[in-house]
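# Examining the three-dimensional arrangement
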Amino acid sequence: GCNPLAQTGRSKLQNQRAALNQQILKAVRMRTGAENLLKVATNQKVREQVRLELSFVNSDLQMLKEELEGLNISVGVYQSTEEAFAMPLIPLGLKETKDVDFSVVLKDFILEHYSEDSYLYEDEIADLMDLRQACRTPSRDEAGVELLMTYFLQLGFVESRFFPPTRQMGLLFTWYDSLTGVPVSQQNLLLEKASVLFNVGAIYTQVGTRCNRQTQAGLESAVDAFQRAAGVLNYLKETFTHTPSYDMSPAMLSVLIKMMLAQAQESVFEKFCLPGIRNEFFMLVKVAQEAAKVGEVYQQLHAAMSQAPVKENVPYSWASLACVKAHHYSALAHYFTATLLIDHQLKPGADEDHQEKCLSQLYEHMPEGLTPLATLKNEQQRRQLGKSHLRAAVTHHKESALEASLCKKLRHIEVLQEVLSAAHERSWLKYTQHQADDDLLTLIDAPNIASKTEQEAEITLPQFSKLEVTDFFQKLGPLSVFSANKRWTPPRSIHFTTEEGDLGFTLRGNAPVQVHCLDPHCSAALAGAKEGDYIVSIQGVDCKWLTVSEVMKLLKSLGEDGIAMKVVSLLDSTSSMHKCATYSVGMQKTYSMICLAIEDNDKTDKTKKISKKLSFLSWGASKNRQKSASTLCLPSVGVSRPQIKKKLPSPFSLLNSDSSLY
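Just so you know, these numbers come straight off a predicted model, no measurement behind them. (Residues numbered from 1 in each chain as written. Predicted model: local features only at pLDDT ≥ 70, side-chain atom pairs only at ≥ 80, totals over all residues. Heavy atoms only, no water.)

Right, let's get into a negative patch on the surface. On the surface, Glu 499, Glu 500, Asp 502 and Asp 519 cluster together into a patch of negative charge. Turning to its location among the elements, Glu 500 is positioned in the loop between strand 3 (492-496) and strand 4 (506-508). (Patch = residues over 30% accessible without salt bridge, like charges linked within 9 Å, V, L, I, M, F, W, Y side chains within 5 Å. Areas by Shrake-Rupley, 256 points an atom, 1.4 Å probe, with all protein chains shown as cover. Salt bridge = Lys/Arg side-chain N within 4 Å of Asp/Glu carboxyl O. Lys, Arg positive; Asp, Glu negative; His and termini not counted. Charge placed at Lys NZ, Arg CZ, Asp CG, Glu CD. Helix = DSSP H or I, 4+ residues; strand = E, 2+ residues; numbered from the N terminus.)

Below, the discussion takes up empty space enclosed by the protein. Per the stated rule, a full pass over the model turns up two cavities of 30 Å³ or more. Approximately 40 Å³ is the volume attributed to the second largest cavity. Around the second largest cavity sit Ile 90, Met 259, Gln 263, Tyr 298, Leu 301, Trp 318, Leu 321, Ala 322 and Lys 325, which together line it. Sorting the residues of the lining of the second largest cavity by element identifies helix 9 (250-273), helix 10 (281-305) and helix 11 (316-343) as the ones contributing at least two each. (1 Å grid on protein atoms, 1.4 Å probe; cavity = no way out; pocket = protein on both sides within 12 Å on 5 of 7 lines; lining within 4 Å. Points joined across faces, edges and corners; volume = space filled by probe spheres on them.)

To continue, consider the packing of helix 4 (residues 103-113) against helix 5 (residues 122-134). Packing of helix 4 against helix 5 brings their axes to within 10 Å, and their N-to-C directions diverge by 140°. Where helix 4 crosses over helix 5, the handedness of that crossing is right-handed. Packed against helix 4, whose contacting residues are Ser 103, Leu 106 and Lys 107, the element helix 5 presents Glu 122, Ile 125, Leu 128 and Met 129 at the interface. Among the residues making up the contact of helix 4 with helix 5, the classes are represented as four nonpolar, one polar and two charged. (Axes fitted to C-alpha atoms, helices over the stretch in contact; angles between N-to-C directions. Left-handed = near helix turned anticlockwise from the far one by under 90°. Contact = heavy atoms within 4.5 Å. Nonpolar A, V, L, I, M, F, W, Y, C, P; charged D, E, K, R; others polar.)

Attention now moves to the pairing of strand 1 (residues 173-176). A two-sided burial pattern is seen for strand 1, the buried positions comprising Phe 173 and Trp 175 on one face and Thr 174 and Tyr 176 on the other. Alignment of strand 1 against strand 2 (residues 183-186), held across four bridges, turns out to be antiparallel. The residue of strand 2 that forms the bridge with Phe 173 is Gln 186. The loop that links strand 1 with its antiparallel partner strand 2 comprises six residues; one of these, Gly 181, has a positive phi angle of about 80°. (Buried < 20%, exposed > 50% of the residue type's maximum accessible area, 1.4 Å probe, protein only. Pairing = 2+ DSSP bridges.)

As a further point, take the pairing of strand 8 (residues 563-568). One ladder, built from five bridges, connects strand 3 with strand 8; its direction is antiparallel. If you follow Arg 492 over to strand 8, its bridge partner there is Val 567.

Contact pair helix 5 / helix 6 (residues 142-162): the axes reach a minimum separation of 10 Å and the direction vectors enclose 140°. If you check the angle between helix 5 and helix 6, you find them oblique. Both helix 5 and helix 6 take part in a crossing whose hand is left-handed. Facing Leu 128, Leu 131, Arg 132 and Ala 134 of helix 5, the residues of helix 6 in contact are Leu 147, Thr 150, Tyr 151, Gln 154 and Val 158. (Parallel < 35°, antiparallel > 145°, perpendicular 65-115°, else oblique.)

The next thing to look at is the packing of aromatic side chains. Per the stated rule, a full pass over the model turns up 16 aromatic pairs. Considering the side-chain rings of Phe 102 and Phe 173, the 6.0 Å spacing of their centres and the 50° angle between planes classify their relative orientation as tilted. With Phe 102 in the loop between helix 3 (75-78) and helix 4 and Phe 173 in strand 1, the pair connects residues that are 71 residues apart, well separated along the chain. Phe 173 matches Phe 102 in its accessibility class, with the two residues each being buried. Plain terms: the ring middles of Trp 428 and Tyr 431 are 5.9 Å apart, the flat faces sit at 45° to each other, and that makes the pair tilted. (Phe/Tyr/Trp six-rings, centres within 6.5 Å; stacked < 30°, edge-to-face > 60°.)

It is worth spelling out the pattern of salt bridges at this point. Evaluated as defined, the whole model comprises 18 salt bridges. As a salt-bridge pair, Glu 266 and Lys 325 come within 2.9 Å of each other at their nearest N and O atoms. With Glu 266 in helix 9 and Lys 325 in helix 11, this residue pair connects regions lying 59 residues apart in the sequence. By the burial criterion, Glu 266 is buried, and Lys 325 matches it. Its salt-bridge partner being Arg 492, residue Asp 533 comes within 2.5 Å of it at the nearest N-O pair. Linking Asp 533 in the loop between helix 18 (523-526) and strand 6 (534-538) with Arg 492 in strand 3, this pair joins segments that are 41 residues apart in sequence. Of the residues examined, Asp 533 reaches a relative accessible area of 1% and is grouped as buried.

If you want it as structure tokens, here you go:
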């Protein structure tokens, strides 16, 4: 990661964001305390004093959120260092988080679950914590994206190794909402993984805004970056559907995806115009339709930002800028259409059919009483229709300037004001050159221009498979066997000898290998080996990753001497843990069940017999089922319980709402 103390403009903004998050957290806690006091207070004087304090806290909280909004629209810091006369683009700020100490929890789990010396894994745990710390300050380039993606994939290994679905690990992950600054905490890795993905998308947006938009390569990089940002956010929306942080809710992510695609489409338009716009009929038709496309996507974005529930938390400056751009690019579409109608007359020898086809495709519907070919041939009709478009362009320019002036944040973005002013002056100058006294009565309403583009902005899905990540804890063994959702006996030492080279058993499987076809009278069986045991070491040599041939070669190399072998036996999962519902904690006091695994086969259940007694831990969990609301475990449907052919109760009623909130 970057040096967190580096005094760059971007790091200063991020440090301000972190400080604001802490102030917002303090204000939220004070407001919660005041609200609770107001509920229980009975003295009228105390209640009035609490109400007064609550009003001050709410006012302070509103000011802090407005200050955070100011950081979210600080687009100048993230733009390209090259001086460019172009519309500013909106990046996403990184989500902030608190420190997390993995060492104690992971060491305890390694000792308890894997029966290994946890101190042998101190370096791996330190590497994981260093990686997380580096992800708090990623660089604004592909290296920063790769760093975050590496940690995200590493979390997949960590989740499989150390986070069983039936219990909490005692690690609290806290992340701050990038839009509201409100902290959210969870004891599972869902929030951690989702927040890292959000920051991947945020880095892509910052890369896109940093690209040099004065070059073809820079604009292509900007288009690619915004499409990748949209892809990451879309993957986040579809995969982590119930994240409690508001900036990662499905509704807000949908808006952010639209915003990224709109900015990608805007970059496509700039790339199309970069070589220069020739004052030629067919060229102007394409430019007008490209501009209409950008105006259309920004209009859709503004409409999405104005809908509940996102309207309350989308920064007002973002919605205002989307509205400004919608009017601005619509004005450009009308201006270029007016130019092709007024400046270009149908000359003898011109391709009438091609021009007629282009003009008919330029509009969604031709104005009433006009036909494409007749309009092309009639100079007066062309001029009048062109002036109608110029008047529409001027109107849209005025709307965009008005919207920009109403927003305090946008008024201070100089390059935005310059671009809007220059475009307005150009349209107004052309309109005044052809203006007539009776235009108010004779000009018709300009028809809508059909949006069309040669390159549609599309979502680019993240390609995790291209990044090779090594599991930090691969020494624990193959993940398919040695994971958190499987349980084994502690390693047993087996001391046996071979009889004339015969082991008394064969091997099967692939890393780790299993004891197969065990002779019950052989030396290994008498020493305690069982059918299906996994061999974890031989003579002190770790065998978890060795294949059948490699283990057999090792055994044969020991000859007739005694062999010391360590094995583990996989326990029946039904005897060591309850069937449970895996769920994601959603917004506060909201739970979403993802999967409820309940076997409902009457015939099978009636014929099942309990062959083993429940372990002590499982018996205790069953006995205290009513007291285990703080664990993520629902009551099991055991074979010894009678089948109740009634509608199952709502899964929400099985969870204690108070003890399950973090």
